[in-house]
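If you want the building blocks of each chain, they are given just below.
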Amino acid sequence: MRPFEYLTPAGLEEALEAVAERPEETAPIAGGQSLLLELKSRERAPARLVSLAGVEALGAVSGGHGEIRVGPTVTYRAIADGEAFAAIASRSAVTGFLTRVIANIADRAVRTMATVGGAACQAEPAFDIPVALTVVDAGFEVAGASGTRRVAAHEFFRGVKQTALEQGELLSAIVVPDPAGSWRWGFAKQGMRAHDAALSSVALAVRVDGESRVECCRIVVGGAVKRPSRAYGCETWLIGRPIGEVEAEKLGERLAAEVVPELGGARFGREYRRSLLPALVRRALEEARDEG
Amino acid sequence: MSVAADRATGESLIGRSLPRREDLALLTGTAVFVDDMRPAGLLHARILRSPHAHARIRRIDLEPARRLPGVVDVFCGADVERSVEPWGDLTQDILTGDRIAFARDKAVYQGQEVAVAVAETKWQAEDAIEAIEVDYEPLEPLVDPEQAMQPDAPVIQDGVDYEGGVGNAYDASYRIRVGDFEFARDEADVVVRARFTTGCSGAAALEPHACLADYNPSSGKLTFHSATQMVHPLRDGLSKALHLPRTQVRVVAPFVGGGFGSKGDVFPWEVITAVASIRTGRPVRCVLSRREVFETVPGRGRQVRYAELAMRADGTITAYGERVIFACGGVSAWGNQILRIGTQIGMLPYAIPNIHVDGFAVHTNTGPAGPVRGFGVPEAIFAKEQLVDMAATELGLDPVEVRLRNVLHGDDCPTVTPLGQRVDSTSIDRCLERAAEAIDRSEAEDVGVGFAVCMKYTSARHPSLDSDLASVRIVLETDGTVSVFSGDSPHGQGHGTTVAQVVADALGVGVEKVRVTSSDTETCPFSLGTWGSRGGAILGTAARMAAERVRAKLIELAAHILETAPEELEVAEDRVRFVGMPGTGLFIQNLVLLAAYATHQLPEGFEPGPIQAQATYDTPTERERSDGTGNLSPTYSAAAHAARVEVDRETGRWRVLDYVMAHDTGVIINPLIVEGQHQGAFLHGYAMVFGEEVRWGEDGAVANAGFKEYFAPSAADLPSLHPTIEVPAPSTVIPGGQKGAGESATAPVAATIANALQAATGVRFCSLPIMPDDVKRALVESERRGAPIVYPRDMPDYDGPTEWPEPEEFDDLELID
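Here the structure is a predicted model, which means the values were calculated and not measured.

What counts, and at which threshold
Residues numbered from 1 in each chain as written. Chains lettered and ligands numbered in written order. Predicted model: local features only at pLDDT ≥ 70, side-chain atom pairs only at ≥ 80, totals over all residues. Heavy atoms only, no water. Domains from an automatic or database assignment. Contact = heavy atoms within 4.5 Å. Buried area = accessible area lost by both parts, 1.4 Å probe. Salt bridge = Lys/Arg side-chain N within 4 Å of Asp/Glu carboxyl O. Polar contact = N/O pair within 3.5 Å; in protein donor to acceptor, adjacent residues only side chain to side chain. Nonpolar A, V, L, I, M, F, W, Y, C, P; charged D, E, K, R; others polar. Core = buried A, V, L, I, M, F, W, Y, C linked by side-chain atoms within 4.5 Å. Buried < 20%, exposed > 50% of the residue type's maximum accessible area, 1.4 Å probe, protein only. Helix = DSSP H or I, 4+ residues; strand = E, 2+ residues; numbered from the N terminus. pLDDT = per-residue confidence, 0-100. Pairing = 2+ DSSP bridges. Axes fitted to C-alpha atoms, helices over the stretch in contact; angles between N-to-C directions.

Residue and element names in this part refer to chain B. Split by domain assignment, chain B resolves into domain 1 (3–31 + 469–618), domain 2 (34–139 + 208–256 + 263–296) and domain 3 (170–202 + 299–462 + 624–791). Placing a centre on the C-alpha atoms of domain 1 and another on those of domain 2 gives a separation of 39 Å. Counting residues at the interface gives 20 residues for domain 1 and 17 residues for domain 2. Around 1500 Å² of area is buried between domain 1 and domain 2 when both sides are counted, 53% of it from carbon and sulfur atoms. Across the contact surface, domain 1 and domain 2 share three salt bridges. Taken together, domain 1 and domain 2 are joined by 10 residue pairs in polar contact (both at pLDDT 80 or more). Along the lines of polarity and charge, the residues of the side of domain 1 that touches domain 2 split into eight nonpolar, nine polar and three charged.

This is the structure we're talking about:
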């Protein structure tokens, strides 16, 4: 670690001013679960840290008008324990889906500190949050000196640790659509250990019609790729099929053929990560089916 | 309430699960580790380490670091050349010259010490080492030990002369020659062979290595706190390296957060920190980062075994042969000892009549290899116990029946194996039966059951040491409490509890009256330290001997006062009383008071003053003979393990559905502590298979120097264990019957799981760890070939006694069609 100045703004405007002042040497900090490790190893050494902990607006959750607004500093724990979404009357099952995904990330110590927005902004391919937020088609509200803009998930996540955030900007809200209609969700991942981040992950969102046929769907792959990646080919193949009769094995073969893994770690190569996709998409599909 | 032995009911303190006394401080966070100490004027040392695995050091410029704020001292090897000498020569046959504080002309592994900065804060010291300029000339790194053994390989330690060394094989002299190996092999009905490799798992102790040196310039005395497993050898090593008299060096270990072998040495950072304190006249602390621990703290070291086993049609093992190549890293440390002891003890629990082993301890440009739980035995068992299964399969025999035919039997003990190991007692045969009964052997898809057996030495007369001792001093205080000064250096074993049980039992006092002090060279008598499963048996015996000497004095004194014969008296209920008569006699407290304050009442010839005694127990063991034979251990604990494992063919993940451990630990002093040892030892064995491995790239750089990518299993990754099945066969050599407890559950785990994986998949996994991508690759390759394979490399047909053919490499596999 290197010495830094620690700023504790009380409001969003103040926070924005703080991060905009000397943007190159300033880093916002929420739960710190990635940043602290980088600071300790001196991988990063910002001269100023702007804590978002005191900015109440960034920790709020609200619902209505077909969407749920999740403050970026909401912790995994608040979601996993059911606290964050307790007052939200979600018409789709999206809050339940996010709760399931988030309750299964890392261990309790990490979940107590880590924030949803922090994971989104860190944009690690192995993280579950970017994949889950992509499959629910979340929007990202980005606040800066010139006001607030909204960025779609597929534009927000740009690459390994790369997002659409510009210097001096802050993620101010994550907007999760709460769609009408019969949506179902599934997520599956595999890491090396129980608490590890994913080597590969697959998320699935499906809307079915009155005859349980797939009307509309999103399949998103994470872990093995630089940013959450839609499998459009598989999505097209899935449309029109009765959800209960989809041959998971065929979907898996297609997914493994469609997705080109971009990332291999020192130990687990791209081929292995690709080989996990059929099992993962089958598990995600089973979860989505069970929900219905 | 007093917890004491009850002579009336015959109830002893031995065998009682008393809660560990150490736990209150640990659970309440009041335990003080080296990093918790706050001496006035403390300075912090950070060490600059070589980023290269192999490089000439052309120039070191310390000046930029010296100018930085808060920096008190900066130095490197050239500055201490005359004041610090190489160490390691207190042991025999670890011929060194390569145990040095700093790399001077050449760095031989990534992370080797190059310079140090001492500053007012840790971060100022960190800034300072970043400012040091070093001019390196990178050399070709030798990471693979077999490549390092090639005749044309450059010699890594080119300035040191090793007796018995050839090139990088600094110990090329290890041989076991028992019986007529070639004849037995030629006569055998089946011979199986494979090439086995084991990975370099680290010990991964939670507390990183840390030390605090406090040199007092006015008295010239160095007080040295360290997270060490052996205060006395460390004291002697430091004194010798620094040219200080032993009286001027005091080594103390406060609470130590685990060691598992990895804290049993004299380390460069310890010598450097001591020098820093001497130079600055202030206390200096050095705490290694996790990266430094993975790069530089000795781990298991990679071992390659070309091994073969011969069996008769009836299942009798007739011969075993091995060529062992052990990557010991850039410096020698304990490498060749591990090779020797691990291989020799690894031949048990069988009395194999014909053995032929050639072993080589080889320098490589990797971090040093050193002791990690099991001291080479798990590596040897991994190969041998798989070969037993392979031979049994070829003969169509049951793996349990074959082992039962070959293991030593309790009824035949004491017995001496052809390797010269005198096994005083064992229940390994019954342990195996019990484990086989307890495991579910029913067939299921992708599920397999595996077995392995082992014996583990209980302390040992290492080839490098002609000593296997521990010492204890006991002083009775004038209020009847008992001070025990125990020579060993516990770091999680609970000596404060078990030694107190032994002493309280022998003195007939409540265990709460006994206080055990350990790990301080100033107060505790010389001992070799805590390693090698020696505490309960060796230290426990010394404690018993010292307590019995004190008891004799008490009884002599009481007999005089009571005007009776000593034979009429015994100790119990904090008294010396008439045999079998509660409430009679004299309180021990009164006897001690007499000796201190009323000396005219003492019998003639009775030494006045504190009633005390010191005892040393040195085991009746032998030194290794030149043919590799010898009884290195006083007694041998044993384990039979059984695993039921399921494989997920899609992902390659394997899961232990059930795991059974049946053990012979002899007489157990504290079952609660021993159960903890077994479960912890299992974890270390499991970790070797699961994924723990420090990985060096071809450039000699550590690829995974952190817990994020060093796959230590967490509790959530472990199978739940049954209580261990104990089948005690008390040692007849150790007076109390104890046997070592700390490592016997590590040794068979990898072989047990590998045998189960073979039963589940048909694939013979010969390399550790066995990770999901390995399993997936092996299954895909088996399917492609239409036959089960040996993974990772298939050995083609064997051809000749000494020359092994080149293994066949697989092409890169497409894991999905």
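Moving on, there is more to tell.
Another aspect to go through is the nonpolar core. Residues L255 of chain A together with W654 and I753 of chain B are the most contacted members of the largest nonpolar core, which totals 138 residues. If one sorts the elements of this core by residue count, helix α10 (residues 377–395) of chain B sits on top with nine residues. Aside from chain neighbours lying at most four places away, what touches L255 of chain A is V202, I219, V221, A231, C234, L277 and V281 of chain A. By size, the runner-up hydrophobic cluster in this structure holds 50 residues, among which are V3, L539, A542 and I734 of chain B.

Let us now look at the confidence of the model for chain B. The predicted model of chain B has a mean per-residue pLDDT of 94, with 96% of residues at 70 or higher. Reported confidences for the modelled complex are a pTM of 0.96 and an ipTM of 0.94.

With that out of the way, let us pick up the interface of chain B and chain A. Contacts between chain B and chain A engage 29 residues on the former and 23 residues on the latter. Surface buried jointly by chain B and chain A totals about 2300 Å² across both partners, of which 52% is contributed by carbon and sulfur atoms. Applying the counting rule to chain B against chain A returns seven salt bridges. Note that R42 of chain A and E130 of chain B form a salt bridge whose closest N and O atoms lie 3.0 Å from each other. Our count for the contact surface shared by chain B and chain A stands at 16 residue pairs in polar contact (both at pLDDT 80 or more). Contributing elements (two or more residues each) for the side of chain B that touches chain A: α3 (122–131) and α18 (772–785) of chain B.

Below, the discussion takes up the sheet that holds strand β14 (residues 229–230) of chain A. Note: strands within a sheet are paired through backbone hydrogen bonds, in either parallel or antiparallel orientation. Residues and elements named next belong to chain A. One open sheet holds the four strands; their spatial order is β11-β12-β13-β14, and the pairing between them is antiparallel. Each edge of the sheet is formed by a strand with only one pairing partner; in this case those strands are β11 (182–190) and β14. In terms of strand pairing, strand β13 (residues 214–222) meets β14 through two bridges, oriented antiparallel. Looking across to β14, one finds that V220 is bridged to R230. Packing of helix α7 (residues 128–135) onto the sheet brings it into contact with β11, β12 (200–208) and β13, and relative to β13 it is tilted by some 160°. Against the sheet, helix α12 (residues 277–291) makes contact with β11, β12 and β13, and its axis sits at roughly 145° relative to β11, the strand it touches most.

The subject of this paragraph is unusual backbone geometry. Residue and element names in this part refer to chain B. Cis peptide bonds are those with omega within 30 degrees of zero, and the linkage from C413 to P414 qualifies with 0°. Of note, the amide linkage connecting Y791 to P792 takes the cis form, showing an omega dihedral of 5°. Relative to the helices and strands, P792 resides in the segment after β30 (790–791). Phi at E563 takes a positive value of approximately 55°, unusual for a residue other than glycine. Relative to the assigned elements, E563 resides in the loop between α14 (535–562) and β22 (569–572). The class for E563 is exposed, based on a relative accessible area of 74%. The backbone of E573 sits at a positive phi, close to 45°, despite the residue not being glycine. For E573, the position within the fold is in the loop between β22 and β23 (575–578).

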